[in-house]
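Spelled out, the chains give:
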Amino acid sequence: MTLLITKPEHMFYLTGFSGEGFVIKQGKSLLLATDQRYWLMAKALQGKGLKLLDLKKGWQRILQDDLRGVSEIHYEASQLTIAGLSRWKKILPAKTWKDDGGLWKRERMIKTGDELKK
């Protein structure tokens, strides 16, 4: 499943990144997109298996290429506005967009042993 994550707390949970942007989660693969204001912070996280995408220019084409084999993208309906979803549909028009139904929120409720220790 491919999931668009835009809620800052969920982005931080997945990546440790506390700036602005979005995350695309495909299985265990993570793509973090942000702009130059947060680039150094994002680059510091890159060694953790995180792919970075610079929102300065040309990012839509790169994202289209990266998601070429994906037909369906789930999104956090409680976080993404109707206008935001409309913009995403223009950026990735060939995709089917589905509300994640709170899936990511429920997934975060299940804690690993390390999370329980913290």
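Please refer to the structure placed before this passage.
Residues numbered from 1 in each chain as written. Predicted model: local features only at pLDDT ≥ 70, side-chain atom pairs only at ≥ 80, totals over all residues. Heavy atoms only, no water.

S.K.: Can you help me understand the sheet that holds strand E5 (residues 72-75) in this one?
M.R.: Within a sheet, each strand pairs with its neighbour through backbone hydrogen bonds, oriented either parallel or antiparallel. Strand order in the open sheet formed by 6 strands is E4-E3-E2-E1-E5-E6, with mixed pairing between adjacent strands. Two strands in the sheet have a free side with no partner beyond their single neighbour: strand E4 (50-54) and strand E6 (96-99). The mean inter-strand angle of the sheet, taken between neighbouring strand axes irrespective of direction, is 25°. By the bridge criterion, 5 bridges tie strand E3 (residues 29-34) to E4 in an arrangement that is parallel. Note on E4: the bridge partner recorded for Leu31 is Lys51. In this fold helix H1 (residues 8-15) packs onto strand E1 (2-5), strand E2 (22-26), E3 and E4, with an angle of close to 55° to the strand it touches most, E2. (Pairing = 2+ DSSP bridges. Helix = DSSP H or I, 4+ residues; strand = E, 2+ residues; numbered from the N terminus. Axes fitted to C-alpha atoms, helices over the stretch in contact; angles between N-to-C directions. Contact = heavy atoms within 4.5 Å.)

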